[in-house]
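# A structural walkthrough
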Amino acid sequence: MVSHEGIVTSKTNLINKGIKTMRKQIAAANWKMNLTYQEGEKLLDEILSAAVHMADHQHTVFAVPYPYLLMTRSEVEEDNTNYYVAAQNCHHKKSGAYTGEVSVGMLHSMNIKYCVIGHSERREYFAETNAMLAEKVDLCLESYITPIFCCGEPLSVREAGTQNEFVAAQLKESLFHLPAEKIETLVIAYEPIWAIGTGKTASTEQAQEMHQYLRSVLADQYGQEVANKIPILYGGSVKAANAPELFRSPDVDGGLVGGASLVASEFIAIMKALK
Ligand code: 13P
């Protein structure tokens, strides 16, 4: 449990230690397998017409289905600073006879800057393993694509109280082969599976507690300075109503948003809730 007082103290400590607290803050939309092309265009138009200003340390990211990547890129990157497009996945091999798959090289050739890696739906329905995700992360980094690496525990693990060990193992097995100068360019998204699409958000305390823990795991491996640079987003029933409180937590650096990213007014409010 982290009290409000705890949050204030933690922020103050960072400032006292002279640690740069301005790490990247991100509002990321994950459309998943939703919307037709025309519906996607309309949604983007509505969101972009709000012209929400992103400060230097803030990014808005739209993770859209592969066939919409170029349309989205030209819409959002045209007049908007710090708006980016993400793929929702990539294949773990460089190229070859993998019918229907999309390689990191293809994304790179389309100037895509972010890629969601290891979403729990991919882990669950497409049997993606931590080892496979390590390969994806490496390929993305080679192509200067920022992985948004997802981790998070199922309900059974949360109920057993072993969520910390579970999520730390996901990080270790997919990321800890990276040198510090690479891992510090990553974005991590903590998405407890029991909160995805269920309307049941983790409480601000639960989110902060896990994010703080993940940062401590990163600090143990790479040092506090590196850990402090890595944005950790929260995902799982983020909406306009809970985003401001979630994002106020010192270790919550924005959100990865499913359902609410499909509603213009909701996502606009979430973008505005960035610190
Ligand atoms: P919801 O926001 O619909 O719970 O989805 C979260 C998610 O999986 C984002 O990647």
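### Describing the side chain of N242
- Within the secondary structure, N242 is located in the loop between strand 7 (232–235) and helix 12 (243–248).
- A polar side-chain atom of N242 sits 3.1 Å from a polar atom in the side chain of T201.
- Dropping the residues within four chain positions of it, N242 is found in contact with T201 and S237.

### What to know about the nonpolar core
- Within the largest apolar cluster, 72 residues are counted, with the highest numbers of intra-cluster contacts made by F62, L175 and I183.
- F62 has contacts with A29, W31, L44, I47, T72, V76, Y83, Y84, V85, A86 and F267, leaving out every residue within four places of it along the chain.
- In this structure, A86, Y114, C150 and V187 belong to the second largest nonpolar core, which totals 13 residues.

### Looking at the packing of helix 8 (residues 163–175) against helix 10 (residues 204–222)
- Put simply, helix 8 and helix 10 touch, their axes get as near as 10 Å, and they point 45 degrees apart. Comparing their axes, helix 10 and helix 8 come out oblique. For helix 8 against helix 10, the interelement crossing comes out right-handed. Note on element contacts: helix 10 touches helix 8 through M210, Y213, L214, V217, L218 and Y222, opposite Q163, N164, E165, V167, A168, L171, K172 and L175.
- Looking at side-chain class alone, the contact of helix 8 with helix 10 contains ten nonpolar, two polar and two charged residues.

### A word on unusual backbone geometry
- Positive phi outside glycine occurs at K32, with the angle close to 55 degrees.
- Along the chain, the position of K32 falls in the loop between strand 1 (25–30) and helix 2 (37–49).

What counts, and where the lines are drawn
Residues numbered from 1 in each chain as written. Predicted model: local features only at pLDDT ≥ 70, side-chain atom pairs only at ≥ 80, totals over all residues. Heavy atoms only, no water. Helix = DSSP H or I, 4+ residues; strand = E, 2+ residues; numbered from the N terminus. Polar contact = N/O pair within 3.5 Å; in protein donor to acceptor, adjacent residues only side chain to side chain. Contact = heavy atoms within 4.5 Å. Core = buried A, V, L, I, M, F, W, Y, C linked by side-chain atoms within 4.5 Å. Buried < 20%, exposed > 50% of the residue type's maximum accessible area, 1.4 Å probe, protein only. Axes fitted to C-alpha atoms, helices over the stretch in contact; angles between N-to-C directions. Parallel < 35°, antiparallel > 145°, perpendicular 65-115°, else oblique. Left-handed = near helix turned anticlockwise from the far one by under 90°. Nonpolar A, V, L, I, M, F, W, Y, C, P; charged D, E, K, R; others polar.

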